[in-house]
Amino acid sequence: MTNTFYKPELLYSDGRFVANGGVLVSDDGHFLELPERVDTASTQMVELKGKALLPGFVNVHSHSFQRLIRGKSESRVISGKDFWSWRGTMYHAASQLEPQDVYDVSRMTFLEMVLAGTTTVGEFHYLHNTPNGQPYGDPNLMAKQVIAAAQSVGIRIVLLRTAYLRSGYELPPDPGQIRFFESTDAFLENMSALICDCSAAPSEVRFGVAPHSVRAVPLADLKKIAAWSRENGLPLHMHVAEQAAENAA
C-alpha cells in the first residue's frame, strides 16, 4: 500500500491559498492526516509545479439532458427569442429521449463537469415518464439512468427528484410537460422507492426532494412534500421563482 503526497505551488486551505503546502492521499483515494515529516521512502511524491490545488467544485443545480440544446436557444439577438422560446426548444428535446439517450447525455455532461473540476452535482431531475406521458414499468428508470451515468465517471451526485404537478396557476396541462407530471402521492411513493432501491449504493449517491416551483406545485402539495422531506431527513430544493409572469399569476 503506497500513499501519494501531492505538492502544488499553492494549496487552498482554511479559506486562503498557502505556499509550500500539500496533501497526503491513500491508495484508495482518502485524504490522510499529514505527519510532521513525510516518509519519502514509502510515499510517492508528485510535484505540481505552477499549479494550485483546491477542493472540487459543487454544481448545485443541473439539468444534464439540456446539454442537447446547448447553442440552439440562448441568443437574444434574434427577435422574439426569450425564456418562452427557449422552453419550447427544451420541451421538444425532452420529448425525444429514450432511457439510453438520457444515460448518454448525462454521462457526457458529468464527464465535462469532472474535467472542469466539478466533483459533486445536484441533478434537478424531472424527466420521469414515457413520451406519451405514462409511467415506465419502473417509475424511477430515468433517475436510475442519470445515477448510473454519474457513477460511470466518478462524480458524486445528489439526485434531486422533482415534483411537477401542473403547468402553472390555473393553466391547462402543457403537452410539452407530459413526461414531467406526477401526482403528489405518486411522487412521494416513487421517491421512497428510489431511495430504497438505491440503499446499497455508495455514499457518492444521495438524494434530495425537489418540488419544481410555485408554478408547478400548489401550496397545499408543497407543504405536504416539505413535511415529508423533513420527516425523512432529506434536503428540500426548488426554483423559488422562475419568471415574473409566473409570480404575478
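Structure shown above.
Q: Describe the nonpolar core, naming the residues involved and giving the relevant values.
A: Most often, soluble globular proteins keep nonpolar side chains buried together rather than apart. Grouped together as the largest cluster of nonpolar side chains are 48 residues, with contacts concentrated most on Phe110, Ile157, Leu159, Phe180 and Phe207. Mapped by element, the contributors of at least two residues to this core are helix H1 (83-96), helix H2 (99-115), strand S7 (118-125), helix H3 (141-153), strand S8 (156-163), helix H4 (184-197), strand S9 (205-211) and helix H5 (219-231). When residues in this core are grouped by element, the largest group, 7 residues, is from H3. Aside from chain neighbours lying at most four places away, what touches Phe180 is Met90, Tyr91, Ala94, Tyr126, Leu127, His128, Asn129 and Tyr164.

Q: Residues and numbers for the side chain of Arg215, please.
A: Mapped onto the elements, Arg215 comes out in the loop between S9 and H5. Among the polar contacts listed, one links the side chain of Arg215 to the backbone oxygen of Ser167, at a separation of 3.0 Å. Those residues in contact with Arg215, other than ones at most four positions away along the chain, are Arg87, Tyr164, Arg166, Ser167, Gly168, Tyr169, Gln177, Glu242 and Glu246.

Q: Tell me about the pattern of salt bridges, and name the residues and values.
A: Under the defined criterion, the tally for this structure stands at 8 salt bridges. Ionic pairing is found between Asp138 and Lys144, a salt bridge with its closest N-O pair at 2.7 Å. Under the relative-accessibility criterion, Asp138 is labelled partly exposed at 26%. We note a salt bridge from Lys144 to Asp197, for which the minimum N-O separation is 2.9 Å. Remark: Asp197 occurs in helix H4 and Lys144 occurs in helix H3; sequence separation between them is 53 residues. For Lys144, a relative accessible area of 24% corresponds to the partly exposed category. The network of salt bridges with shared partners includes Arg67, Arg70 and Glu112.

Q: How would you sum up the environment of Ser62? Please name residues and give values.
A: Within the element layout of this structure, Ser62 appears in strand S6 (residues 57-62). Judged by its relative accessible area of 5%, Ser62 falls in the buried class. Among residues more than four places away in sequence, those in contact with Ser62 are Phe110, Met113, Val121, Gly122, Glu123 and Phe124.

Q: Which residues make up unusual backbone geometry, and what values go with them?
A: Backbone geometry at Asn20 places phi at a positive 65°, although glycine is not the residue there. Residue position: Asn20 is located in the loop between strand S2 (16-19) and strand S3 (23-25). Overall, Asn20 belongs to the exposed group, its relative accessible area being 68%.

Q: Which residues make up the layout of surface pockets, and what are the values?
A: Taken as a whole, the largest pocket encloses approximately 390 Å³ of empty space. Lining the largest pocket are 13 residues, with Val23, Val25, Phe31, Leu53 and Leu54 positioned closest to its centre. Those elements that provide at least two residues to the lining of the largest pocket are strand S1 (3-13) and S3. If one sorts the elements of the lining of the largest pocket by residue count, S1 sits on top with 4 residues. Per-class residue counts for the lining of the largest pocket are 9 nonpolar, 4 polar and no charged. Counted as a void, the second largest pocket has a volume near 210 Å³. Residue lining of the second largest pocket: 14 residues in total, with Gly168, Tyr169, Leu171, Arg215 and Glu246 positioned closest to the centre. Of the residues belonging to the lining of the second largest pocket, the class tally is 6 nonpolar, 3 polar and 5 charged.

Q: So, the packing of aromatic side chains: which residues are in play, and what are the values?
A: By the definition in use, this model includes 8 aromatic pairs. Both rings, one in Tyr12 and one in Phe17, keep their centres 5.0 Å apart while their planes meet at 70°; by these two values the pair is edge-to-face. Overall, the relative accessible area of 36% leaves Tyr12 in the partly exposed class. Three or more aromatic residues link up through ring pairs in this structure, and these residues are Phe65, Tyr91, Phe124, Tyr126, Tyr164, Phe180 and Phe181.

Q: Which residues make up a nonpolar patch on the surface, and what are the values?
A: Together, Leu10, Tyr12, Phe17, Leu54 and Phe57 make up a nonpolar patch on the protein surface, roughly 470 Å² of accessible area in all. Summarising the element assignment, Tyr12 is placed in strand S1.

The rules we used
Residues numbered from 1 in each chain as written. Predicted model: local features only at pLDDT ≥ 70, side-chain atom pairs only at ≥ 80, totals over all residues. Heavy atoms only, no water. Core = buried A, V, L, I, M, F, W, Y, C linked by side-chain atoms within 4.5 Å. Buried < 20%, exposed > 50% of the residue type's maximum accessible area, 1.4 Å probe, protein only. Helix = DSSP H or I, 4+ residues; strand = E, 2+ residues; numbered from the N terminus. Contact = heavy atoms within 4.5 Å. Polar contact = N/O pair within 3.5 Å; in protein donor to acceptor, adjacent residues only side chain to side chain. Salt bridge = Lys/Arg side-chain N within 4 Å of Asp/Glu carboxyl O. 1 Å grid on protein atoms, 1.4 Å probe; cavity = no way out; pocket = protein on both sides within 12 Å on 5 of 7 lines; lining within 4 Å. Points joined across faces, edges and corners; volume = space filled by probe spheres on them. Nonpolar A, V, L, I, M, F, W, Y, C, P; charged D, E, K, R; others polar. Phe/Tyr/Trp six-rings, centres within 6.5 Å; stacked < 30°, edge-to-face > 60°. Patch = residues over 30% accessible without salt bridge, like charges linked within 9 Å, V, L, I, M, F, W, Y side chains within 5 Å. Areas by Shrake-Rupley, 256 points an atom, 1.4 Å probe, with all protein chains shown as cover.

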